[in-house]
Amino acid sequence: MADTEHQYKFDVKMTCGGCSGAVTRVLTKAQANGGVSAFDVSLEKQEVLVTGTLPFEQVREIIAKTGKEVRSGEVVN
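All figures in this text were calculated on a predicted structure; none of them were measured in a lab.

Undergrad: How should the pattern of salt bridges be read in this particular structure?
TA: Where charged atoms of side chains with opposite charge meet at close range, the side chains can pair. Scanning the entire structure with this criterion turns up 3 salt bridges. Aspartate 11 serves as the salt-bridge partner of arginine 71, at 3.0 Å between the closest nitrogen and oxygen. Of this pair, arginine 71 sits in strand E4 (residues 70-75) while aspartate 11 sits in strand E1 (residues 6-12), placing them 60 residues apart in sequence. For glutamate 57, the salt bridge identified is with arginine 60, shortest N-O distance 2.8 Å. With glutamate 57 and arginine 60 both in helix H2 (residues 56-64), this residue pair falls 3 residues apart, about one helical turn. Judged by its relative accessible area of 37%, glutamate 57 is partly exposed. Look at arginine 60 and you get partly exposed, because its relative accessible area is 28%.

Undergrad: Is there a simple way to explain helix H1 (residues 17-32) in this structure?
TA: Since the α-helix turns once every 3.6 residues, residues separated by three or four places project in the same direction. Over its 16 residues, H1 runs 22 Å from end to end, which matches the ideal 22 Å to within 8%, given 1.5 Å per residue. Of the positions making up H1, those classed as buried are Cys19, Ser20, Ala22, Val23, Leu27 and Ala30. End-on, the buried residues of H1 take up no more than an arc of 155°, which puts them together on one face. Looking at H1, the residues exposed on the side facing more than 90 degrees away from the buried face are Arg25, Lys29 and Ala32. Along its buried surface, H1 packs onto strand E2 (36-42), strand E3 (47-52) and H2.

Undergrad: Is there a simple way to explain H2 in this structure?
TA: Burial in H2 covers these residues: Val59, Ile62 and Ile63. What you see down the axis of H2 is that its buried residues fit within an arc of 95°, all on one side. Each element contacted by the buried residues of H2 is listed here: E1, H1, E3 and E4.

What counts and how
Residues numbered from 1 in each chain as written. Predicted model: local features only at pLDDT ≥ 70, side-chain atom pairs only at ≥ 80, totals over all residues. Heavy atoms only, no water. Salt bridge = Lys/Arg side-chain N within 4 Å of Asp/Glu carboxyl O. Helix = DSSP H or I, 4+ residues; strand = E, 2+ residues; numbered from the N terminus. Buried < 20%, exposed > 50% of the residue type's maximum accessible area, 1.4 Å probe, protein only. Expected span 1.5 Å × (residues − 1). Arc of directions from axis to C-beta. Contact = heavy atoms within 4.5 Å.

Here's what the structure looks like:
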């Protein structure tokens, strides 16, 4: 069942383009490794949407490694 894709939404504290760029970089790397199929980083909404096969907690940790505060997250589907 690990191949099932899920969509996650995270509320991430990002204050500038550098912040959203850091999140984009780590998710691009995860996408290259095959665990993330799509993502959208919105600085304006302070929101990160991620679609992929990685578990929720692993995606949260990937985003948190940027040093940005992950204020909340939820499984969308």
